[in-house]
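Residue-level structural notes
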Amino acid sequence: PEDVLRVRNLHTEFYTEEGQVNAVHGVDFTVRGGEVFGLVGESGSGKSVTALSVVDLVEDPGRVSEGEIWYRNADLADRVREDDPEAVDGDFVDVLRLPEAERRALRGPSFSMIFQDPMSSLDPSMTVGKQIAEAVEVQRRASSNPRSTRSRTQGYGLGSLLVDSMIPGRSYVSEESMERAVELLDLVGIPDAEDRVDEYPHQFSGGMLQRAMIAQALAGEPDVLIADEPTTALDVTIQAQILGLLRRLQREEDMSVVLITHNLGVIARMADRVGVMYAGEVVERGTLDDIFEDPTHPYTHGLLGSIPDLDDPAERLQPIEGNVPSLVDAEMPDRCYFADRCPNAMEQCLEKPAERSCGGSDQHAAKCVLADGEYDESRALPDDYFDGGD
Ligand code: SF4
Ligand code: MG
């Protein structure tokens, strides 16, 4: 399968009282057409910020400061080529170089995102069906006039709902769009969809709400669905059903899924390829087999060693001893960010390792000196090397 998304050297920063926080710095990964790409790591590792950067939902005081997000879309490439040839490479467009309106218009038909909490995208005061129909409506308008449409897509939190409510015509949805809403609810496995379409979110169970949110996210028939911890809040049975649903949709709708989770069990079950995030970087990536059978980065080893009960979604990754380094710009060390916690830390790790190929599958790479070298005990850093802080 061809690549659909190539994220290169992505940097996303937040400006706080403590200074500039480099939440994501130098992230690289590739998503192929029709695959599930798993992004795994502890909370705070930058998974969500990475996803929000792709869909252009990073909010103040944050911003994407550097990098490229190449998205394959031949029509878009043709349209953009004239205005900004630099933003186009073959069938790929660097979405970070698109004008704001053009970028926003990608939300829905190109990228769509679902979250842990369905209520972050559903409005409690409107029927489920109408909300989905609105999303359909927006996509229809956008696709009939891709250049000028002010795409407001489905609700992304209360802020956008408030803004949307000020747009005239907001409450109008056609019968056709309502019919499509029923179809979408049916597609995501909601029984009696033609009745339930008129119910309000509070009349739905947690699992059904999750399905409704997925239906809404599918309204634009996205190429890439980004799911951020979509099952973390659900009990085991419902979690399995939702994961099964995502798998089925990904196959039937020929859609790529970026699945973000702290749960390696979910990754093992779902992902074709995997990126492991640590302290704002993808420290290892490869096929599912590369990561599970032949892990290279000591952090990945640590994660696998602490693999929680695969059937218990509430179970967190066991913490690996030691602390995640500060991501405040002025405090960031100029060495491997895992060195303080790494059982294999050597002198050469005091220089920041670039990503290098691990051998094995051609997609297997890690930001670690062990990727193309051996552990050399004679150069090991003493256990207390980092004590006392620096
Ligand atoms: Fe450990 Fe060195 Fe690899 Fe960093 S580069 S993870 S310190 S072996
Ligand atoms: Mg998160």
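Remember, it's a predicted structure, so these values are computed and weren't measured experimentally.

This brings us to the overall build of the protein. On a plain count of helices and strands, the protein comes out with twelve helices and 13 strands. Counting across all 390 residues of the protein, residues that qualify as buried make up 46%. For the protein, the proportion of contacts with a sequence separation of at least 24, taken over those separated by at least 6, is 67%.

What follows concerns unusual backbone geometry. The omega torsion of the bond from Asp60 to Pro61 falls at 5 degrees, within 30 degrees of zero and hence cis. Looking at where Pro61 falls in the secondary structure, it is placed in the loop between helix H1 (47–54) and strand E4 (62–72). Residue Asp56 is not a glycine yet carries a positive backbone phi of 65 degrees. Tracing the backbone through its elements, the reader meets Asp56 in the loop between H1 and E4. If you check the backbone angles, Ala279 has positive phi at about 50 degrees while not being a glycine. Structurally, the position occupied by Ala279 is in the loop between strand E10 (273–278) and strand E11 (281–287).

This next bit is on the pairing of E4. Note: strand E1 (residues 3–16) against E4, eight bridges, orientation antiparallel. If you follow Thr12 over to E4, its bridge partner there is Val64. Summarising the sheet, E4 and strand E6 (residues 92–94) pair through three bridges and their orientation is antiparallel. Looking at the pairing, Trp70 lines up with Asp94 of E6.

Below, the discussion takes up the pairing of E11. Extensive coverage of E11 is indicated by the burial of six of its seven residues. The turn joining E10 and E11, which pair antiparallel and follow one another in sequence, is formed by two residues; a positive phi near 50 degrees is taken by Ala279. In this structure, E11 lies alongside strand E13 (residues 365–366), joined through two bridges in antiparallel fashion. Its bridge partner being in E13, Arg285 is matched across the sheet by Ala365.

A word on the sheet that holds strand E5 (residues 88–89). Read across the sheet, five strands follow the order E2-E1-E4-E6-E5 without closing on themselves; strand pairing throughout is antiparallel. What marks the edges here is a single partner per strand, and that holds for strand E2 (19–32) and E5. Judged from the two bridges that link them, E5 and E6 form a sheet pairing that is antiparallel. Residue pairing for E6: Val88 is matched across the bridge by Val93. Across the face of the sheet, helix H2 (residues 74–83) comes into contact with E5 and E6 while running at roughly 55 degrees to E6.

Strand order in the open sheet formed by eight strands is E7-E8-E9-E3-E10-E11-E13-E12, with mixed pairing between adjacent strands. The open sheet terminates on both sides in strands that have one partner only, identified here as strand E7 (111–114) and strand E12 (356–357). Bridge count for strand E3 (residues 36–40) against E10 is four bridges, and the pairing is parallel. Within E10, the position partnered with Gly38 by the bridge is Val274.

Moving on: the confidence of the model for the protein. Averaged over every residue, the pLDDT of the protein is 88; residues scoring 70 or more account for 89%. Across the protein, the element-wise mean pLDDT spans from 44 in helix H5 (residues 158–165) up to 98 in E6. Counted against residues more than four places away or in other chains, residues 148–166, with its pLDDT under 50, gives 35 contacts. In the predicted assembly, ipTM is 0.96 and pTM is 0.89.

Looking now at the nonpolar core. Core analysis: the biggest nonpolar cluster contains 108 residues, and Ile132, Leu185, Ile226, Val258 and Val276 have the highest contact counts within it. Taken domain by domain, the makeup of this core includes at least three residues from each of domain 1 (1–110 + 223–334) and domain 2 (120–221). Once residues within four sequence positions are removed from consideration, Ile226 is found in contact with Ala51, Val54, Val55, Phe111, Met113 and Val258.

Time to look at the domain arrangement of the protein. Each domain of the protein was delimited in the assignment, giving domain 1 (1–110 + 223–334) and domain 2 (120–221). Put simply, the parts of the chain that give the side of domain 1 that touches domain 2 at least two residues each are helix H3 (100–104) and helix H9 (236–252). Grouping the amino acids of the side of domain 1 that touches domain 2 by side-chain chemistry returns ten nonpolar, two polar and two charged.

What follows deals with helix H8 (residues 206–217). If you check H8, its first and last C-alpha atoms are 17 Å apart, about what twelve residues at 1.5 Å a residue would give, namely 16 Å. Where burial is concerned, most of H8 is hidden: eleven out of the twelve residues are buried. Along H8, the positions that sit buried rather than exposed are Gly207, Met208, Leu209, Gln210, Arg211, Ala212, Met213, Ile214, Ala215, Gln216 and Ala217. Of the surrounding elements, those touching the buried residues of H8 are E7, helix H4 (128–144), helix H6 (175–187), strand E8 (224–228) and H9.

It is worth spelling out helix H12 (residues 298–305) at this point. Here H12 has its buried residues at Pro298, Tyr299, Thr300, Gly302 and Leu303. On its buried side, H12 packs onto helix H10 (264–270), E10, E11 and helix H11 (288–293).

Here we take up the environment of Arg269. The residue Arg269 is located in helix H10 in this model. Taking the C-alpha atoms as reference points, Arg269 and Thr12, 257 residues apart in sequence, are found 30 Å from one another.

Right, let's get into the environment of Val49. Residue placement: Val49 occurs in helix H1. A C-alpha to C-alpha distance of 9.9 Å links Val49 and Arg63, two positions 14 residues apart in sequence. When sequence neighbours within four positions are dropped, the list of residues in contact with Val49 reads Thr12, Ala23, Val24 and Val58.

Rules used throughout
- Residues numbered from 1 in each chain as written.
- Chains lettered and ligands numbered in written order.
- Predicted model: local features only at pLDDT ≥ 70, side-chain atom pairs only at ≥ 80, totals over all residues.
- Helix = DSSP H or I, 4+ residues; strand = E, 2+ residues; numbered from the N terminus.
- Buried ≥ 20, exposed ≤ 12 C-beta atoms within 10 Å, placed from the backbone.
- Contact = placed C-beta atoms within 7 Å.
- Pairing = 2+ DSSP bridges.
- Axes fitted to C-alpha atoms, helices over the stretch in contact; angles between N-to-C directions.
- pLDDT = per-residue confidence, 0-100.
- Core = buried A, V, L, I, M, F, W, Y, C linked by C-beta atoms within 7 Å.
- Domains from an automatic or database assignment.
- Nonpolar A, V, L, I, M, F, W, Y, C, P; charged D, E, K, R; others polar.
- Expected span 1.5 Å × (residues − 1).

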